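Each chain, letter by letter, is given below.
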Amino acid sequence: ALAQKRYVMAVKAALENEQEVIRQTLQKEAVSVRDVYKQQPKEVQEMVEPYILEDAEYARCWKEKYSQEASGEPLRSRIEIIINGIYENLDIPHVYEPSLYLQGFGPVRPDFAVLNMRTRQTLFHEHLGMMDDYDYRIHNLKKLRAYHNNGYYEGVNLILTMESDGKMIDYD
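Computed from a predicted structure; not experimentally measured.

Conventions we followed
- Residues numbered from 1 in each chain as written.
- Predicted model: local features only at pLDDT ≥ 70, side-chain atom pairs only at ≥ 80, totals over all residues.
- Heavy atoms only, no water.
- Helix = DSSP H or I, 4+ residues; strand = E, 2+ residues; numbered from the N terminus.
- Expected span 1.5 Å × (residues − 1).
- Buried < 20%, exposed > 50% of the residue type's maximum accessible area, 1.4 Å probe, protein only.
- Arc of directions from axis to C-beta.
- Contact = heavy atoms within 4.5 Å.
- Core = buried A, V, L, I, M, F, W, Y, C linked by side-chain atoms within 4.5 Å.

**What about helix H5 (residues 78–89)?**
Next up, step 1: With 12 residues, H5 ought to run about 16 Å at 1.5 Å a step, and its terminal C-alpha atoms sit 16 Å apart, in line with that.
Next up, step 2: Among all positions of H5, only Ile79, Glu80, Ile83, Asn84 and Tyr87 are buried. Looking down the long axis of H5, one finds its buried residues gathered within 135° of arc, a one-sided arrangement.
Next up, step 3: Residues of H5 that are buried sit in contact with strand S1 (94–96), strand S4 (112–116), strand S5 (121–128) and strand S6 (158–162).
Next up, step 4: Asp91, located one to two residues past H5, shows a positive phi value of around 55°.

**Some thoughts on the environment of Arg137**
Next up, step 1: Looking at where Arg137 falls in the secondary structure, it is placed in helix H6 (residues 134–149).
Next up, step 2: Accessibility expressed as a relative area gives 27% for Arg137, which makes it partly exposed.
Next up, step 3: Dropping the residues within four chain positions of it, Arg137 is found in contact with Met131 and Asp132.

**Considering the nonpolar core**
Next up, step 1: Ranked by internal contacts, the top residues of the largest apolar core, which has 15 residues, are Leu100, Leu102, Phe124, Tyr147 and Tyr152.
Next up, step 2: Looking at this core, the elements that each hand over two or more residues are helix H4 (55–68), strand S2 (100–102), S4 and H6.
Next up, step 3: Those residues in contact with Leu102 that lie beyond four places of it in its chain are Val108, Lys143, Ala146, Tyr147, Asn150 and Tyr152.
Next up, step 4: Counting residues in each nonpolar core, the second largest holds 7 residues, with Ile83, Tyr96, Phe112 and Val114 among its members.

The following block contains the structure:
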């Protein structure tokens, strides 16, 4: 019983010590990698490349990368103009018809590449506007399977919208 009591007292002391270390650690403010760059003098900032870019710079570089191989075509349909306007109004970085290669299918041009600024993840948005057309539907179902086989899934990194003749998308 005496040995057990000694052991319990030692464990209690160790736990109290751990609690104090945790409390002190939580009170300290961690310096982020972004802050380290910001704290450098302007002269130093001009000579180094930061490990983590500010959001605006990251978005600019992302857009430049996806725009290089984009089709360069003007928006072609009413719905593409509407979707583009939604992305513009919400300040969501996006590129129209970027180039993407799907293994087992070939090159594709999703309607939009979209940047999730919070996670810095690229999403692809495909709008399937003629789902009432049999050949169009079959082709796009094969393409959707290729997206899945290449690791692109709805709700994860693929946005999929559809409409058919008389069944318009709800813009809201």
